[in-house]
Amino acid sequence: MDTVITPQRIELPPGAVLKLLGDWQDYQVLSQQLGDRSSPRIKYRPGEILLMAPLPEHGRDASLLADIAKVLLDHLEQRYDSFTPITMSLPEISGIEPDYCFYIENWRAVVGKKRIDWQSDPPPDLAIEIDVTSYTDINDFLPYRVPEVWILKSNQLLIYRLQAESYLLTESSYFPNVREIVQQCVQIANEQTTSEAIRWLRNFLREQH
């Protein structure tokens, strides 16, 4: 597949990342043109627009990581709301599309909402990103002050937590040993299926009691 960017069509081959010079208005035009399509993904940073066509493994790993978070939250009997796909945007500053977002401590703030105002509503407590093509940058989350971000890269889970004005690699504030759990689940998913990985996790948690 060739790369095509016209007022009528936007097509990128799987795995491609395209950087364009553009302003906020250009980003809005492209976003409207893409509509509800899941591909390509679109991101805005001041002065530039990035487009990325996910590979199949991207969607599978995003679903697996979100399922792991849900199983762990259910195990902890924690209330939450989750969203995918979701577009986060701050006019003239940023536009991003995390793979998954979870409201955990702030779930009450979004219950029943059809739209989230990123200038006044609280950010998600946890955002999840799969980085297969080096499209993800942890600093893209800074304008929104998302407290915790998980990035799965090369089958390794990187956990970032917001400390003052920057993100630091650390442990999850919600789940102890989640990096080891994710690594085991990813290995099982790669060798078998994602369903077997989630079954293993549920059995593992039951055995902890």
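In short, a report on the structure. (Residues numbered from 1 in each chain as written. Predicted model: local features only at pLDDT ≥ 70, side-chain atom pairs only at ≥ 80, totals over all residues. Heavy atoms only, no water.)

Some details on the overall build of the protein chain
At step 1: The number of helices and strands found in the protein chain is four helices and 13 strands.
At step 2: For the protein chain, the C-alpha radius of gyration of 18 Å lies close to 17 Å, the compact-globule estimate for 209 residues.
At step 3: Here the C-alpha coordinates of the protein chain stretch approximately 55 × 40 × 30 Å along the principal axes.
At step 4: Of all 209 residues assigned to the protein chain, the portion counted as buried reaches 43%.
At step 5: In the structure as shown, the protein chain presents an accessible area of about 11,100 Å², 47% of it carried by carbon and sulfur atoms.
At step 6: Where the 20 positive side-chain charges of the protein chain centre and where its 30 negative ones centre are 3 Å apart. (Helix = DSSP H or I, 4+ residues; strand = E, 2+ residues; numbered from the N terminus. Rg over C-alpha atoms; globule rule 2.2 N^0.38 Å. Buried < 20%, exposed > 50% of the residue type's maximum accessible area, 1.4 Å probe, protein only. Areas by Shrake-Rupley, 256 points an atom, 1.4 Å probe, with all protein chains shown as cover. Lys, Arg positive; Asp, Glu negative; His and termini not counted. Charge placed at Lys NZ, Arg CZ, Asp CG, Glu CD.)

Here's the deal with the layout of surface pockets
At step 1: The volume enclosed by the largest pocket comes to roughly 1,100 Å³.
At step 2: Here the second largest pocket defines a volume of roughly 240 Å³.
At step 3: Forming the boundary of the second largest pocket are 14 residues, of which Leu72, Pro176, Ile181, Phe204 and Leu205 lie nearest the centre.
At step 4: Among the elements of the structure, α2 (56-75), α3 (178-191) and α4 (194-207) are those that each provide at least two residues to the lining of the second largest pocket.
At step 5: In the lining of the second largest pocket, the residues fall into nine nonpolar, four polar and one charged. (1 Å grid on protein atoms, 1.4 Å probe; cavity = no way out; pocket = protein on both sides within 12 Å on 5 of 7 lines; lining within 4 Å. Points joined across faces, edges and corners; volume = space filled by probe spheres on them. Nonpolar A, V, L, I, M, F, W, Y, C, P; charged D, E, K, R; others polar.)

Describing the nonpolar core
Burial of nonpolar side chains together is a common tendency in soluble globular proteins.
At step 1: Within the largest apolar cluster, 32 residues are counted, with the highest numbers of intra-cluster contacts made by Leu65, Ile68, Phe102 and Trp150.
At step 2: Counting only elements with at least two residues in this core, the list comes to α2, β9 (100-103), β10 (126-131), β11 (148-153), β12 (156-163), α3 and α4.
At step 3: Take this core: its biggest share by element is nine residues, from α2.
At step 4: Contacts of Trp150, omitting those with residues within four sequence positions, involve Leu65, Ala69, Leu126, Ala127, Ile128, Glu129, Leu157, Leu158, Ile159, Ser172, Phe175 and Val178.
At step 5: Among the nonpolar cores identified, the runner-up in size contains 20 residues, and Ile86, Ile96, Ile138 and Phe141 belong to it. (Core = buried A, V, L, I, M, F, W, Y, C linked by side-chain atoms within 4.5 Å. Contact = heavy atoms within 4.5 Å.)

A short note on the packing of aromatic side chains
At step 1: What the rule picks out here adds up to ten aromatic pairs.
At step 2: For the pair Trp24 and Tyr27, a centre-to-centre distance of 5.0 Å together with 40 degrees between the ring planes defines the contact as tilted. With Trp24 and Tyr27 both in helix α1 (residues 24-34) and three residues apart, this pair spans about one turn of that helix. With respect to burial, Trp24 and Tyr27 carry one shared label: buried.
At step 3: Considering the side-chain rings of Phe83 and Tyr103, the 5.9 Å spacing of their centres and the 80 degrees angle between planes classify their relative orientation as edge-to-face. Of this pair, Phe83 sits in strand β6 (residues 81-83) while Tyr103 sits in strand β9, and the two are 20 residues apart along the sequence.
At step 4: Residue Phe83 is classed as partly exposed on the basis of its relative accessible area, which comes to 21%.
At step 5: According to the relative accessible area criterion, Tyr103 is buried, its value standing at 0%.
At step 6: Counting every residue linked through ring pairs, the aromatic cluster contains Trp24, Tyr27 and Tyr44. (Phe/Tyr/Trp six-rings, centres within 6.5 Å; stacked < 30°, edge-to-face > 60°.)

A few points about the sheet that holds β11
At step 1: The strand order across the open sheet built from six strands is β6-β9-β10-β11-β12-β13, with neighbouring strands paired in mixed fashion. Unpaired on one side and paired on the other, β6 and β13 (166-169) mark the two borders of the sheet. Between one strand axis and the next, the sheet turns through 25 degrees on average, direction left out of account.
At step 2: Bridge count between β9 and β10: three bridges; the pairing is antiparallel. Paired with Tyr100 across the strands is Ile128, a residue of β10.
At step 3: Strands in contact with α3 are β11 and β12; relative to β12, the strand with the most contacts, it is inclined by about 150 degrees. (Pairing = 2+ DSSP bridges. Axes fitted to C-alpha atoms, helices over the stretch in contact; angles between N-to-C directions.)

Some points on α1
At step 1: Of all the residues in α1, the buried ones are Trp24, Tyr27, Leu30 and Leu34. All buried residues of α1 lie within an arc of 125 degrees about the axis, which places them on one face of the element. For α1, exposure combined with an orientation more than 90 degrees from the buried face picks out Val29 and Gln32.
At step 2: Lining the buried residues of α1 we find β2 (10-11), β3 (17-21), β4 (41-45), β5 (48-52), β7 (88-90) and β8 (94-96).
At step 3: Its side-chain oxygen placed 3.2 Å from the backbone nitrogen of Gln25, Asp23 serves as the N-cap of α1.
At step 4: A positive backbone phi angle near 60 degrees is found at Gly35, which sits one or two residues after α1. (Arc of directions from axis to C-beta. Polar contact = N/O pair within 3.5 Å; in protein donor to acceptor, adjacent residues only side chain to side chain.)

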